[in-house]
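A look at the structure
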Amino acid sequence: MSSFGEDLRMERVSRGIALEDITAVTKISAHLLLALEQNHFRQLPGGILNKGIVRGYASAVGLDQQDWTERFLRACAATGDCAPEEDWTTFATNVGRARLARREAAEYRMRWLGAGLLLLCATAGGYLAVRYYGIRAGWWSTLLPASHLFSRAHAAFLWVGHLFS
């Protein structure tokens, strides 16, 4: 009994199609097609990509894609060279978990950024409130030494404070 790869190669040769022609049509590299014909399934990329390679090959040669994909899966399972489909579901689950972890990390950073901004606003508001009431009560000027730079800012602040009183 012949193998999957031999049958595939015999179908291609009987139709007079060169391996380079399949490569040109499917854009699948020749070494992957050759590995498929030689039953070297470990050289294939794996998972769903293997099925795509078989479907592309079968389509380019004019064979039934579904039938040859099933034959490939049986041959692959018989040799044990292909990873089972559960590995791909595990992979997809892990990708989903990684995305959720990244999203949660971003939300965590945004919460801390919001808390920091809130603390900054509360500190600035407290400073301005103490300064405003300190100036109105007359004890603020004793807290900081008077200087030429602060005198203009102090006068402007008093003017703004006068507007709101």
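The shown structure was predicted, so the numbers you read here are calculated from the model rather than taken from an experiment. (Residues numbered from 1 in each chain as written. Predicted model: local features only at pLDDT ≥ 70, side-chain atom pairs only at ≥ 80, totals over all residues. Heavy atoms only, no water.)

**A short note on the packing of helix 1 (residues 4–14) against helix 5 (residues 65–79)**
At a minimum axis distance of 10 Å, the contact between helix 1 and helix 5 shows a crossing angle of 150°. The angle between helix 1 and helix 5 places the two elements in the roughly antiparallel class. Contact residues: helix 1 offers Phe4, Asp7, Leu8 and Glu11, while helix 5 offers Trp68, Arg71, Phe72 and Ala75. Its residues assigned to classes, the contact of helix 1 with helix 5 shows five nonpolar, no polar and three charged. (Axes fitted to C-alpha atoms, helices over the stretch in contact; angles between N-to-C directions. Helix = DSSP H or I, 4+ residues; strand = E, 2+ residues; numbered from the N terminus. Parallel < 35°, antiparallel > 145°, perpendicular 65-115°, else oblique. Contact = heavy atoms within 4.5 Å. Nonpolar A, V, L, I, M, F, W, Y, C, P; charged D, E, K, R; others polar.)

**Overview of the packing of aromatic side chains**
Applying the stated criterion across every chain, the model contains six aromatic pairs. Judged by centre distance (5.7 Å) and plane angle (55°), the ring pair of Phe4 and Phe72 falls under tilted. Taken as a pair, Phe4 in helix 1 and Phe72 in helix 5 lie far apart in primary sequence, 68 residues in all. Seen from their ring centres, Phe41 and Phe72 are 5.2 Å apart, and the 90° between their planes marks the pair as edge-to-face. You can see Phe41 sitting in the loop between helix 3 (30–37) and helix 4 (48–61) and its partner Phe72 sitting in helix 5, a full 31 residues away along the chain. A relative accessible area of 1% means that Phe72 is categorised as buried. Ring pairs connect the aromatic residues Phe4, Phe41, Trp68 and Phe72, which therefore count as one cluster. For Arg71, the ring lying beneath its charged end belongs to Trp68, and the centroid distance is 4.1 Å. (Phe/Tyr/Trp six-rings, centres within 6.5 Å; stacked < 30°, edge-to-face > 60°. Buried < 20%, exposed > 50% of the residue type's maximum accessible area, 1.4 Å probe, protein only. Lys NZ or Arg CZ within 6 Å of the ring centre and 35° of its normal.)

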